[in-house]
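# An overview of the molecular structure
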Amino acid sequence: MTHIDAGSELDPVHPVKPPAAETGGTTAVAARVTGLTAAEVAERIARGEVNDVPVRSSRSTAEIVRGNVFTRFNAIIGVLWAIMLVVAPIQDSLFGFVIIANTGIGIIQELRAKKTLDGLAVIGEAKPTVRRDGVAAEISTSRIVLGDVIELGPGDKVVVDGEVAEADSLEVDESLLTGEADPVLKKPGDVMMSGSFVVAGGGAFTATKVGREAYAAQLAEEASRFTLVHSELRSGISTILKYVTWMMIPTALGLIISQMVAKDNAFKDSVARTIGGIVPMIPEGLVLLTSVAFAIGVIRLGRKQCLVQELPAIEGLARVDVVCLDKTGTLTEGGMDVTELRPLGGADESYVRQVLGALGESDPRPNASLQAIKDKYPDEAQWRVQESLPFSSARKYSGASFSDGTGEDSTWLLGAPDVLLPVGDPALAEIDELNAQGLRVLLLARAAGELDDPKVSAGATATALVVLEQRLRPDAGETLAYFADQNVAAKVISGDNAVSVGAVAAKLGLSGAENTIDARQLPTDQAEMAAVLDSNAVFGRVTPQQKRDMVAALQSKGHTVAMTGDGVNDVLALKDADIGVSMGSGSEATRAVAQIVLLNNSFATLPSVVAEGRRVIGNITRVATLFLTKTVYSVLLAVLVVVSQVDYPFLPRHLTLLSTLTIGVPAFFLALAPNKERAKPHFVRRVMRYSIPSGVIAAVATFTTYLLARAHYTGPQALDAETSAATLTLFLVAMWVLAIIARPYTWWRIALVATMGFGFLLVLAVPWLQHFFALKLVGTTMPWTAVGIAVAASALLEVVWRLVGRKWPA
């Protein structure tokens, strides 16, 4: 415990004056207190001793361009395109221009997302308080130099490595580095590691390692860097693409041998038809649309002041089925108001007011409760502070020792009544009545022992009750109702009194709020704890470690858990939850570990994030089925051609037209459409169970038409007529797949499908388009046969989709 007096308290905001008279060995102390001079800062900057580790940010522009241009499939298509430009008409090279357009769209959308993210990151960036020339001011983390004196208070994150210069009951949590949750009491000279954060007390430390020399800072940066990976959606798509690649290689080789060696066709025509068979096997647009959907999600949420620090968090929150809410700062606003003071045991109210005023001044960084008391009862007596004990979420109280100027010393505690008072104390019944009204009650008690005694609360004399009213967030009730409607269980987990928390939750309409659980009675066994959590909704007197244990218990039951919070007591749980959500006004530590930061401090933004995630996942699942259906029928058609030793029926221009009308354009609109369907797991299985049978049916129907057409047509133009008939069947079947995927129908979905159909009719009806795409239906028998086969295949599609949905439900 560090002894201080009122005249030497550290002010974290205002200029710090050095002691008036210091000589000899105290000079170094004065230098540490006042910080570096402007000249010293400039000298260190010139030497490059600056904390230049980049803050959490999006990918650089160069990385975005590289990531979109230099892909495996772009390389394959690029080579095929170059060959086609040499051997075939320009209309057979259209697929290359489509890839250029797609890649450009991907780059532009991701650059837009980067601009949004970077702008929000600057707004949400924590700015440590640094002393220079005796003045304390907030600066950007990247402007810290070696030797800077950085002030610390509850919730502040240690941004560089250093050595403690001043400590006022400074307790630091190093769990993010060591895994040990117990706070470490720091004294002058102790090492401070970047990545740790302050849980109680205050002080200052001198930066000894900055930039990339701070190894812990590097670890924290790597762990928190913006990323496009590590999501079920992206890993699922990668898995699919891996299988597609392995399937594509032997099929493409067989097609090349079949068309260029075994057949006697003209060389250029053989090359064109070979490439026409290879290109559609590649689901290149799937990766693009996933990136675009995520990027647009970031932009949409950015407009609502929601900073998505890791893109998969959009997807993750859409999968959440349990959301754990911290009451203070989430369901209630940060500020509080003192509504009543109730002296106990005949205590003099005016004296109690003086004590409260002194307690308010004793903490340079008061929490919301103490700030309300400080505002209500200003320190007029100006008692001398002899010793102070900052508030800690673990012990649930704070305290201070004073000399009141008359020679009388006293020690006071302020905190949770049910922690400071013994079980059965008469005052607890009165407190329960107040808690039942949703009011927050603090107990002022006079301690008999010393503050540095771990058992200082034992035997304390109850002196007064301080009643505070919490300001409910006006939109919290609607948000809770949204989660209930979406079958997402809400669990209110708070360090406050359980009855009080339950009353607040009940005012907001939370189901089950009347059954509250005191966390001190929770079982320690994980399975037993999970059972209690599943059957109850409101928990009070929860310690920071218990919050972490509760998240783990819920996850052990297979739940996907989101945790919201804004205080240091929430950090461990935020880090362990599947999705951590922090308020923008929360502590620096909570913002650092959270995947989503609500910069507008509005809990009501969460439904938007959930909806955006559901839109991304649901729509990408839809369009992935479209793309993979094309891959399956392309591979199977190639196999059938190789086995049958016939000409490949399509030129690249035919499949470019089909892909544009049945996949490319509609997939873009479907990927960005509203979608409130709850996200479901097993992405790969859900996509493949529909795309494989759809692709098989489309390939068999198309090849059947092609073989019938080969038997029907003769002469030098027979191949063109056969291709046109096969194209008609494939287009109609692919359109029916699109029609199924577009369900449930809305006016714009019907218009989208109809427009794509009209586009194909236009090509068949306009002479110059017929010539451009080499599509001309000859006679009436074969075209109507093609339509008949397509109708039969579409009917089979309907039956198969229903059977699959019944036998292997999502």
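Residues numbered from 1 in each chain as written. Predicted model: local features only at pLDDT ≥ 70, side-chain atom pairs only at ≥ 80, totals over all residues. Heavy atoms only, no water.

This brings us to the side chain of Thr 629. Checked against the element boundaries, Thr 629 lands in helix H22 (residues 606-644). You can call Thr 629 buried: its relative accessible area is 4%. Polar contacts involving the side chain of Thr 629 include one to the main-chain carbonyl oxygen of Thr 625, which spans 2.7 Å. (Helix = DSSP H or I, 4+ residues; strand = E, 2+ residues; numbered from the N terminus. Buried < 20%, exposed > 50% of the residue type's maximum accessible area, 1.4 Å probe, protein only. Polar contact = N/O pair within 3.5 Å; in protein donor to acceptor, adjacent residues only side chain to side chain.)

So, on to helix H10 (residues 284-302). The end-to-end C-alpha distance of H10 is 28 Å, a good match for the 27 Å that 19 residues give at a rise of 1.5 Å each. Counting buried residues along H10, 17 of its 19 residues qualify, which places the element largely inside the surrounding structure. (Expected span 1.5 Å × (residues − 1).)

Take the side chain of Arg 622 next. Tracing the backbone shows Arg 622 in helix H22. Note on Arg 622: relative accessible area 15%, which makes it buried. Within polar-contact distance, the side chain of Arg 622 engages the backbone oxygen of Ile 741 at 2.2 Å. Setting aside anything within four residues of it in sequence, one finds Arg 622 in contact with Asn 675, Ile 741, Ala 742, Arg 743, Pro 744 and Arg 749. (Contact = heavy atoms within 4.5 Å.)

It is worth spelling out the environment of Phe 197 at this point. Along the polypeptide, Phe 197 turns up in strand S7 (residues 197-209). Residue classification places Phe 197 among the buried residues on the basis of a relative accessible area of 1%. Along the primary structure Phe 197 and Val 571 are separated by 374 residues, whereas in three dimensions their C-alpha atoms are 9.4 Å apart.

So, on to the sheet that holds strand S9 (residues 322-325). Ordered by their spatial adjacency, 8 strands build an open sheet running S8-S21-S20-S19-S9-S16-S18-S17, and the pairing between neighbours is mixed. Only two strands of the sheet have a single partner each, and these edge strands are strand S8 (306-308) and strand S17 (516-518). The average undirected angle you get between the axes of adjacent strands in this sheet is 20°. Two elements, strand S19 (residues 561-565) and strand S20 (residues 579-583), share 4 bridges in a ladder whose sense is parallel. Bridge pairing in S20 places Gly 565 opposite Ser 582. (Pairing = 2+ DSSP bridges. Axes fitted to C-alpha atoms, helices over the stretch in contact; angles between N-to-C directions.)

Core analysis: the biggest nonpolar cluster contains 128 residues, and Leu 317, Leu 510, Ile 596, Phe 603 and Phe 760 have the highest contact counts within it. Broken down by element, this core gets its largest block of residues, 15 residues, from H22. Among residues more than four places away in sequence, those in contact with Leu 317 are Ala 562, Ile 579, Ile 596, Leu 606, Val 609 and Val 610. Listed in part, the 26 residues of the second largest apolar core include Phe 539, Met 563, Val 568 and Ala 589. (Core = buried A, V, L, I, M, F, W, Y, C linked by side-chain atoms within 4.5 Å.)

Right, let's talk about the pairing of strand S3 (residues 149-152) for a bit. The side-chain alternation of S3 yields two buried faces, one formed by Val 149 and Glu 151 and the other by Ile 150 and Leu 152. In this structure, strand S1 (residues 129-132) lies alongside S3, joined through 2 bridges in antiparallel fashion. Paired with Val 130 across the bridge in S3 is Ile 150. For S3 and S7, the ladder comprises 4 bridges, and the chain directions are antiparallel. Bridging from a neighbouring strand, Leu 152 pairs with Gly 203 of S7.

This part is about the packing of H10 against helix H23 (residues 652-671). Where H10 contacts H23, the axes come no closer than 10 Å and their chain directions differ by 25°. Classified by the angle their axes make, H10 and H23 are roughly parallel. Seen from above, H10 lies across H23 with right-handed handedness. Facing Leu 289, Val 292 and Ala 293 of H10, the residues of H23 in contact are Ala 667, Phe 668 and Ala 671. (Parallel < 35°, antiparallel > 145°, perpendicular 65-115°, else oblique. Left-handed = near helix turned anticlockwise from the far one by under 90°.)

Our focus in this paragraph is helix H15 (residues 427-436). Along H15, the residues that are buried comprise Ala 427, Leu 428, Ile 431, Leu 434 and Asn 435. Projected onto a plane normal to the axis of H15, the buried residues spread over an arc of 115° and lie on a single side. (Arc of directions from axis to C-beta.)

Here the focus is the packing of aromatic side chains. Aromatic rings considered in pairs are described by the distance between their centres and by the relative angle of their planes. Counted by the stated rule, this structure contains 11 aromatic pairs. For the pair Phe 483 and Phe 603, a centre-to-centre distance of 6.4 Å together with 40° between the ring planes defines the contact as tilted. Of this pair, Phe 483 sits in helix H16 (residues 476-485) while Phe 603 sits in the loop between strand S21 (596-598) and H22, placing them 120 residues apart in sequence. For the pair Phe 483 and Phe 603, one class covers both residues: buried. Ring centres of Tyr 648 and Phe 650 lie 6.1 Å apart, and the angle between their planes is 75°; on these two criteria the pair is classed as edge-to-face. With relative accessibility at 0%, the residue Tyr 648 sits in the buried group. By relative accessible area, Phe 650 is classed as buried at 0%. Joined through ring pairs, the aromatic side chains of Tyr 351, Trp 383, Phe 402 and Trp 412 make up one cluster. Positioned above the aromatic ring of Tyr 243 is the side chain of Lys 242, whose terminal nitrogen or guanidinium carbon lies 5.6 Å from the ring centre. (Phe/Tyr/Trp six-rings, centres within 6.5 Å; stacked < 30°, edge-to-face > 60°. Lys NZ or Arg CZ within 6 Å of the ring centre and 35° of its normal.)

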